[in-house]
Structures are given as structure tokens and as C-alpha cells.
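Chain and residue survey
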Amino acid sequence: MARLNEDEQQIMRSITYREALREAMREEMSRDSRVIVIGEDIDAYGGTYAVTKGLAEEFGRERVRDTPLAEEVIVGAAVGAAMAGLRPVAELMTMNFSLLASDQIVNTAAKVRYMFGGQTHVPLVIRMPAGGGAQRGAQHSQTLESWYAHVPGIKVVMPATPYDAKGMLKSAIRDEDTVLFIEHELLYGVKGDVPDEGVEYTVPLNRGEIKREGRDISLITFSRMVHICLQAAEELAKEGIEAEVVDMRCIRPIDLDLALDSIAKTNHALVVEEGWKYYGTGQGMAAMLYEYGFDSLDAPIGHIAGVDVPTPYSKHIERAAFPNRDEIITAVHKILPQRVAR
Amino acid sequence: MHDLELPASDLLRLFYFLTLTRHLDDRMVRLRREGTFISNFASGRGQEATAVGAAYALEPGDILAPSHRDVGAMLVRGMTPRELVAQWLGRDSVATHGRDGHLFQGDMRDRLIVPTTGIPGSALPVAVGTALGSRLRSEPRVTLAYLGDGTVTVGAVHEALTMASALDLALVCVIEHNGYAGSMPTERHSHARHLADRAMGYGIPGAVVDGNDVVAVVQATRQALQSARAGRGPYLIEALTFHVPAEEEQAPDFISREALAFWRRQDPLERLTRYLTSLEILDVARQKDYVAEIEDLLDDALAYSLALPLPAPLSDPSLCFAPDDAPPMGPPLIAIGALTRERSTIQA
């Protein structure tokens, strides 16, 4: 975690990821009257995951704007509103529905600054939950950040903790460019330490963070898998293996130096992600580590990812489709055989 | 044709813009055929009255979202032939530095032209957003968006009209109905009598106008703008027009020669010329003066553009993102105007 000074530590309290996001929006809406929130069911229903609950009552239904079911125009209108001088936060019910808005994300938001020679930029946040594990089936459980991170012109972030969720959402709202803010549907109820409401802090959109220090292997990961890696690292520590958990948290731009510094210390790396293996975020990260950090490595980089099928519904087989603690431990043992014997 | 529905000074301005648009278009088509300078230019020949007339009806603070054949609208909005030609020739020292703009240019600070998209139909959701921005900033601006008849079948247009209607946004959509979506004639994708009939489904006003009668286009657009500005929500205008190349052999084979001949007789520039001549606002000598002035302007624009350097390769990814000192996005705020509905009090 980011180190806070003594004063700040005294005013920490434990809140959920959901509450952290809500606080970020509330604080930014109070701070800047140009900030608006737009999306489906965000008013009376409080958003699909209750993140926006209470905002309409507090800031009015002009600034917290329920829309028809129309993802393409939610994002397109948010782009236009940003061009016209507002700072919209668009909420998509899930990342799966972002496919319906992908033309506006990829062809408009990402491109206009470059295409038009800097005449305009798009200060816009698009929030969306991603990920599986809640038995929502194949079409509602996807993690598609790599599709967007592939495109020049958009920033893509995936916070794992309430502290990061709040600090990064505040940064995203203040950012002058389009930020895809990808939450995880299983993290909304997760609690963590966050400074009191109104205590100002932000987390930058281009820095990862070491969530646990270790000397033996770097677990390169992000979003919910940070927590699974931390669990695995606890277990590994019992057998004397000290795994370093590197939370990349910013997918693009990526804090490559953080990962390179970590593997320079540990000389071993395992990339852990929830999404599919092929042509995805994890492979991209591994490729960059090979390209720029090959000399640091004593063994090939391992890679654990979601099983290469559409996410199944039944709890039993759904659970088997995502990486778990034991898989990570087994993979670490394969990369560090000599350490197991120690 | 008309009584004098617009002051003579307006009629002459319209004549100037129609002539400028026509001559610029013809010149660009010639350059494109020569193949030396230009990779792409979407001619709007024959449709100038719609492009010029609707944009002419706008107030200076209104926002324009043009489509790809709307050079006339951009000229009315203050884009200069120098800017446009240099842009099409892919030169440096223009706003986009050659990175794009073969179809579109944008300016959200001064002339309020939405930097739009080449994806058919995708500009309308963005125009909904600029209208939403105006509303939340309590500004009396209306956004006017052009779309082709081909794009009315695109899902984004349906979503945009649904949202604009649901939120009562000040948005005027002008469908430039030129009879063909690519090679598909309208009757093969729509069984509706008029494309403007779609307005009924959104619960908004719709109107059909002779898109080759520039005065009628100005008047229909003014009525729509007034309605939108008064807080009565979006408005759909269907302007009937046709794309008529300078020479018949330039028209694709799938377009019937009878239709071409019909629409050539409806040429918007010739119709306005006849009208102004009949009113004795324009005579042959004055017409020649206009043409000479415009030809000089275009000679200058071409010479200026050819003298500009070609852009250097631009591979710096930071060009995609705003610099730290980027000015706030959006036009300067304008005062609260005629919009009547209850509004929030957002300030920039």
C-alpha cells in the first residue's frame, strides 16, 4: 500500500470498494460542477452494483442522468459532452455491454485528439465492471481490457483495492483524456483502508504498486487476481518462498519499470490474470518483460490465465475456469524447483 | 418561386456561399481526377443548398456536426478555402498536420464544428452529447447535425434520436436525402413514405423540405432551431436533394440517367440564380464579379497549400493525449438565453 504519514494513518477507516468509488464521485462532483454521471439505472436503482446510490438525490437528476438502454449513445453523448465542456463519468452496466459502445470508444474517444491535431481532447471516464465468478454466464463474465488497451489513445486502469479505486477514480475524473475505468464485480464488497471522506489523495494513472514485497519471484498481476496472488504469497511464505506481488493496476499506460525492477530483484516471473490467455494483457506484459528484461530472468516467465472457453454458468465449473491460489502455488513451484527443496 | 422571404443581403450571401461551394467542389474533383494531390474528397455537388442553407440558419453560438458532403456548411461556419484545401492536400501547418481531415475538420473552440467521425451514423451520438453539454451549461446553443439517408438505418442513429427525445435536447437533425445509400436506392431499404416520418416514432417534429431550394432550407431550419431553442426537444428535417456530378459520365452506372436529368434541372445554384435575377437582385455583371472573386480566392488557396510543407512523420504516442497545459475543453460559456425549461446551474 502507499505509505501515508502518521496523521493520515490516524484517519484511515475500512470501507468497501463500492463505497470508495461512490466517495470519489461525490468528492469530484462537489469539487467541480462540470462533472456529471450518465448511465443506465444509476438514479432510482443506484447503478447495477449500487455504486451511484444517493448521488441523484445529492446532485440532482440533471447531473446524475438516467438514460435509455443505448450504450452507443451513452458513450457517444459522453464524448460530445466532454467536447462541449463537461467532464462526464459514463457508467456501463458491465464491460460486456461496452462492445455495443466500442465504435464510440475506439473510433471516436481514442482518435479525435490525434486525428484533429490536438484541436480537441476528450476528458471522459467510462466506468464498467468486468470479470466473472458470480454465475452470470458466458456473455456477462468477460474481462476484455486487452481489446481496448490495444488501441492508442485511451487509458485503461483496473484497481484492485478500495484505496486505489477511490484514488484512481479521482485521478481519472481530473484527467484530460478518456480513461476506461474497469472495476471487478466480485470486488465491490471487498473492504480496505481508505482515508476519511474529504481527506484529499489521488493515485496516479501510470504507476503500479508492489502490494507485497518478496525476493524470490514476481507475481505480475492486476484487478481481482491481486488478492488471489496475495493469498498464494501467504502460503508460499510458509515454505520459505517470498513472492513479490506486483499490482500493475494501470494496464495502459503501463508501469513497465516497476515490473522490470521487480524481476531484476527476483529473477523469476509469473503473470497471473483472469482473462483468456491468447493475445491478451498477460501475454503483452510477458512480451514486454522478455523484450526489456530478458537478462534479469533465470527461467521462462510463467503465465496463468482463465480457461480458454466462454465462462460457464454452473458454480462448480465456473470456479474451475478462473485461476485460483493453488494453481498459482503449483506454477511457482514449477518455475522455482530448487527453492521447493530448500 | 418566392416572395422576398429573406433580405436581399442574405440572399446574396447565400448566392456567394453556393457559388463558392460549387467552385471549390469542382476544383477538388478535378484535382482528385488528376490524382496528383488528393486521396479522397467527397463531392457534395448538387447538394449545396442543403449544406449551405441549414448552416446559414444557425446562430454564431450554435454547434454544427457536419457530414462528409457538407463543405458548404463548413464554409458558412467560417472555414476558409486555404484551410480546407491545405487539409485535403495533406499539408502541414494546418490544424490536423496531415493526420486526418480528408473528410472532416473540427473546431470546438471558435467556430463550433464538432470534430466528427468517418463511421456512418456515429456522429449523431456525439452531437447528442454536445447538445447535452449545452443544456447542462445552461446555454441557449442548438446542435445541428447532418446525416445522410444511408445512415438512418444505422443503430447509432436510432439510439441517438431516442436519447435526444427522452432528454428533450436542443438537437436539429438534417437528413440529406440524396436517394442512394452507397449504391442502394432508398426504396430498397425503407418502405416509409418519407424518412422524416420516423420522427413520429420518437415523438418529435419532422418536416420534409425541398433540399435544392436554399431559401426553403434556411426557413425550415430556422423553424426547427426556434423549436429546439425554446426547449421543445429535437427536430428532424428531411431535405430532398441529389448528388449530381459535373459531367454525366462521372455518375455511377447504377444511377438512372432520367433521375440525373431531372435533378440537373433542379440545380440549386441555377435555381437561386434565376430567382435572384427575377428579383433584379443579381445581374450577369455582378454574377461575374462574384465568380472572379471566388476563382481568385481558390487560386490563392491552392497556391498557398502547395507551398506548405508536407508533414513530418508523427509517431509520438503522446500526440494522442492532452498535454499538461491543455486548455479546458469546450467553447467559452455563453449566457443563459431563451431556453425555458428548469435547468441546473453548472458553471465552467
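Residues numbered from 1 in each chain as written. Chains lettered and ligands numbered in written order. Predicted model: local features only at pLDDT ≥ 70, side-chain atom pairs only at ≥ 80, totals over all residues. Heavy atoms only, no water.

Looking only at helices and strands, chain B features 11 helices and seven strands. The globule rule puts the C-alpha radius of gyration for 348 residues at 20 Å, and the 20 Å found for chain B is close to it. The C-alpha extent of chain B, read off along each of the three principal axes, is 55 × 50 × 40 Å. The 348 residues of chain B split such that 57% are buried. By sequence separation, contacts in chain B at least 24 residues apart represent 77% of the contacts at least 6 residues apart. Distance between charge centres in chain B, computed from 32 positive and 44 negative side chains, equals 2 Å. (Helix = DSSP H or I, 4+ residues; strand = E, 2+ residues; numbered from the N terminus. Rg over C-alpha atoms; globule rule 2.2 N^0.38 Å. Buried < 20%, exposed > 50% of the residue type's maximum accessible area, 1.4 Å probe, protein only. Contact = heavy atoms within 4.5 Å. Lys, Arg positive; Asp, Glu negative; His and termini not counted. Charge placed at Lys NZ, Arg CZ, Asp CG, Glu CD.)

So, about the packing of aromatic side chains. Each aromatic ring pair is described using two quantities: the centre-to-centre distance and the angle formed by the ring planes. Taken as a whole and judged by the stated rule, the model has 12 aromatic pairs over all chains. Plain terms: the ring middles of Tyr 163 of chain A and Tyr 201 of chain A are 4.4 Å apart, the flat faces sit at 25° to each other, and that makes the pair stacked. Placement of Tyr 163 of chain A in helix 8 (residues 162-174) and of Tyr 201 of chain A in the loop between strand 8 (191-195) and strand 9 (209-212) is noted, with a sequence separation of 38 residues between them. Per residue, the accessibility class of Tyr 163 of chain A equals that of Tyr 201 of chain A, and both read buried. With 4.9 Å between their ring centres and 85° between their planes, Phe 41 of chain B and Trp 88 of chain B make a pair best called edge-to-face. Here the residue Phe 41 of chain B occupies a position in the loop between helix 1 (8-34) and helix 2 (48-56), and Trp 88 of chain B occupies one in helix 4 (residues 81-88), the gap between them amounting to 47 residues. Trp 88 of chain B gets classed as buried once you look at its relative accessible area, which sits at 5%. One aromatic cluster is present, formed by Tyr 180, Phe 242, Phe 254, Phe 262 and Trp 263 of chain B through successive ring pairs. The lysine or arginine in question, Arg 99 of chain B, covers the ring of Tyr 114 of chain A, its NZ or CZ lying 5.0 Å from the ring centre. (Phe/Tyr/Trp six-rings, centres within 6.5 Å; stacked < 30°, edge-to-face > 60°. Lys NZ or Arg CZ within 6 Å of the ring centre and 35° of its normal.)

This part covers the packing of helix 4 (residues 71-83) of chain A against helix 6 (residues 155-166) of chain B. At a minimum axis separation of 8 Å, helix 4 of chain A and helix 6 of chain B run at an interaxial angle of 70°. By the angle between their axes, helix 4 of chain A is roughly perpendicular relative to helix 6 of chain B. Crossing hand, helix 4 of chain A versus helix 6 of chain B: right-handed. Judged by residue contacts, Glu 71, Glu 72, Val 73 and Ile 74 of chain A of helix 4 of chain A engage Ala 156, Glu 159, Ala 160 and Met 163 of chain B from helix 6 of chain B. (Axes fitted to C-alpha atoms, helices over the stretch in contact; angles between N-to-C directions. Parallel < 35°, antiparallel > 145°, perpendicular 65-115°, else oblique. Left-handed = near helix turned anticlockwise from the far one by under 90°.)

Here we take up the interface of chain A and chain B. Counting from both sides, the interface comprises 46 residues of chain A and, opposite them, 50 residues of chain B. Counting the surface chain A buries against chain B, the share from its top three residues, Glu 62, Tyr 114 and Gln 119 of chain A, is 18%. Linking chain A with chain B are one salt bridge. With a closest N to O distance of 2.7 Å, Glu 62 of chain A and Arg 135 of chain B form a salt bridge. The interface formed by chain A and chain B holds 13 residue pairs in polar contact (both at pLDDT 80 or more) in total. Of all elements in the fold, only strand 2 (35-39), strand 3 (64-66), helix 4, helix 5 (102-109) and helix 6 (112-115) of chain A reach the threshold of two or more residues within the side of chain A that touches chain B. No other element matches helix 4 of chain A, which puts 11 residues into the side of chain A that touches chain B. In terms of residue class, the side of chain A that touches chain B is built from 20 nonpolar, 14 polar and 12 charged. (Buried area = accessible area lost by both parts, 1.4 Å probe. Salt bridge = Lys/Arg side-chain N within 4 Å of Asp/Glu carboxyl O. Polar contact = N/O pair within 3.5 Å; in protein donor to acceptor, adjacent residues only side chain to side chain. Nonpolar A, V, L, I, M, F, W, Y, C, P; charged D, E, K, R; others polar.)

The subject of this paragraph is the nonpolar core. Judged by nonpolar contacts, the single largest core of 86 residues is most densely connected at Ile 220 of chain A together with Leu 124, Val 128 and Leu 171 of chain B. Residue contributions to this core reach at least three from each of two domains, namely domain 1 (12-195) and domain 2 (209-340) of chain A. Those residues in contact with Ile 220 of chain A, other than ones at most four positions away along the chain, are Val 246, Met 248, Ala 259, Ala 269, Leu 270, Val 271, Val 272, Met 285 and Leu 289 of chain A. Formed by 63 residues, the second largest nonpolar core is a distinct cluster that contains Leu 14, Val 52, Val 209 and Val 218 of chain B. (Core = buried A, V, L, I, M, F, W, Y, C linked by side-chain atoms within 4.5 Å. Domains from an automatic or database assignment.)

Our focus in this paragraph is the packing of helix 2 of chain B against helix 8 (residues 214-229) of chain B. All names here are of chain B. Taken N-terminus to C-terminus, the directions of helix 2 and helix 8 make an angle of 40°; their axes are 8 Å apart at the nearest point. By the criterion of interaxial angle, the relationship of helix 2 to helix 8 is oblique. You can see that helix 2 and helix 8 cross each other, and the crossing is right-handed. The segment helix 2 lies against helix 8, with Ala 49, Thr 50, Gly 53, Ala 54 and Tyr 56 engaging Val 214, Val 217, Val 218 and Thr 221. Of the residues belonging to the contact of helix 2 with helix 8, the class tally is six nonpolar, three polar and no charged.

What follows deals with helix 13 (residues 325-335) of chain A. Residues and elements named next belong to chain A. Buried within helix 13 we find Ile 328, Ile 329, Ala 331, Val 332 and Ile 335. Projected down its long axis, helix 13 carries its buried residues within an arc of 165°, all on one side. N-cap assignment for helix 13: the residue whose side-chain oxygen lies 3.1 Å from the backbone N of Asp 326 is Asn 324. (Arc of directions from axis to C-beta.)

Residue and element names in this part refer to chain A. The mixed open sheet is built from five strands, whose spatial order is 9-11-10-13-14. For this open sheet the edge positions go to strand 9 and strand 14 (302-306), each flanked by a neighbour on one side alone. Taken pair by pair, the neighbouring strands of this sheet meet at an average axis angle of 25°, ignoring direction. Pairing analysis gives three bridges linking strand 9 to strand 11 (residues 243-247), with the strands arranged antiparallel. Along strand 11, the bridge assignment pairs Glu 209 with Asp 247. Running over the sheet, helix 9 (residues 225-238) touches strand 9, strand 10 (217-221), strand 11 and strand 13 (269-276) and is turned about 170° from strand 11. (Pairing = 2+ DSSP bridges.)

With that settled, consider unusual backbone geometry. All names here are of chain A. The linkage connecting Arg 252 with the following residue, Pro 253, adopts the cis geometry, with an omega of 0°. Phi angles above zero are rare outside glycine, and Arg 249 is one such case at about 45°. Here Arg 249 is to be found in the loop between strand 11 and strand 12 (250-252). Among the residues examined, Arg 249 registers a relative accessible area of 4% and is labelled buried.

Looking now at the pairing of strand 5 (residues 125-130) of chain A. Residues and elements named next belong to chain A. Most of strand 5 is tucked away, with six of its six residues classed as buried. Going residue by residue along strand 5, you find Val 125, Arg 127 and Pro 129 tucked away on one face and Ile 126, Met 128 and Ala 130 tucked away on the opposite face as well. Examined bridge by bridge, strand 4 (residues 87-91) and strand 5 share three bridges and lie parallel to one another. Its bridge partner lying in strand 5, Ala 90 is registered against Ile 126. Where strand 5 lies against strand 7 (residues 179-184), six bridges are found, and the strand directions are parallel. Looking across to strand 7, one finds that Met 128 is bridged to Ile 182.

Quick look at the environment of Ile 113 of chain B now. Residues and elements named next belong to chain B. Relative to the elements of secondary structure, Ile 113 occurs in the loop between helix 4 and helix 5 (123-136). Judged by its relative accessible area of 0%, Ile 113 is buried. Each C-alpha atom, one on Ile 113 and one on Met 79, is 9.6 Å from the other, the two residues being 34 residues apart in sequence. Those residues in contact with Ile 113 that lie beyond four places of it in its chain are Leu 64, Pro 66, Met 74, Arg 77, Met 79, Gln 105, Gly 106, Asp 107 and Met 108.

With that out of the way, let us pick up the domain arrangement of chain A. Residues and elements named next belong to chain A. As far as domains go, chain A holds domain 1 (12-195) and domain 2 (209-340). Centre-to-centre, using C-alpha coordinates, domain 1 lies 27 Å away from domain 2. Each partner contributes residues to the interface: domain 1 has 32 residues there, and domain 2 has 27 residues. Carbon and sulfur atoms make up 56% of the area that domain 1 and domain 2 hide from each other, which totals about 2,200 Å². Among the residues domain 1 hides against domain 2, the three largest losses belong to Gln 135, Met 158 and Ala 160. Together they make up 25% of the total. With a closest N to O distance of 3.0 Å, Asp 164 and Arg 249 form a salt bridge. For the interface between domain 1 and domain 2, the tally reads 15 residue pairs in polar contact (both at pLDDT 80 or more). Counting only elements with at least two residues in the side of domain 1 that touches domain 2, the list comes to helix 7 (145-149), strand 6 (155-157) and helix 8. Tallied by class, the residues present in the side of domain 1 that touches domain 2 amount to 16 nonpolar, 12 polar and four charged.

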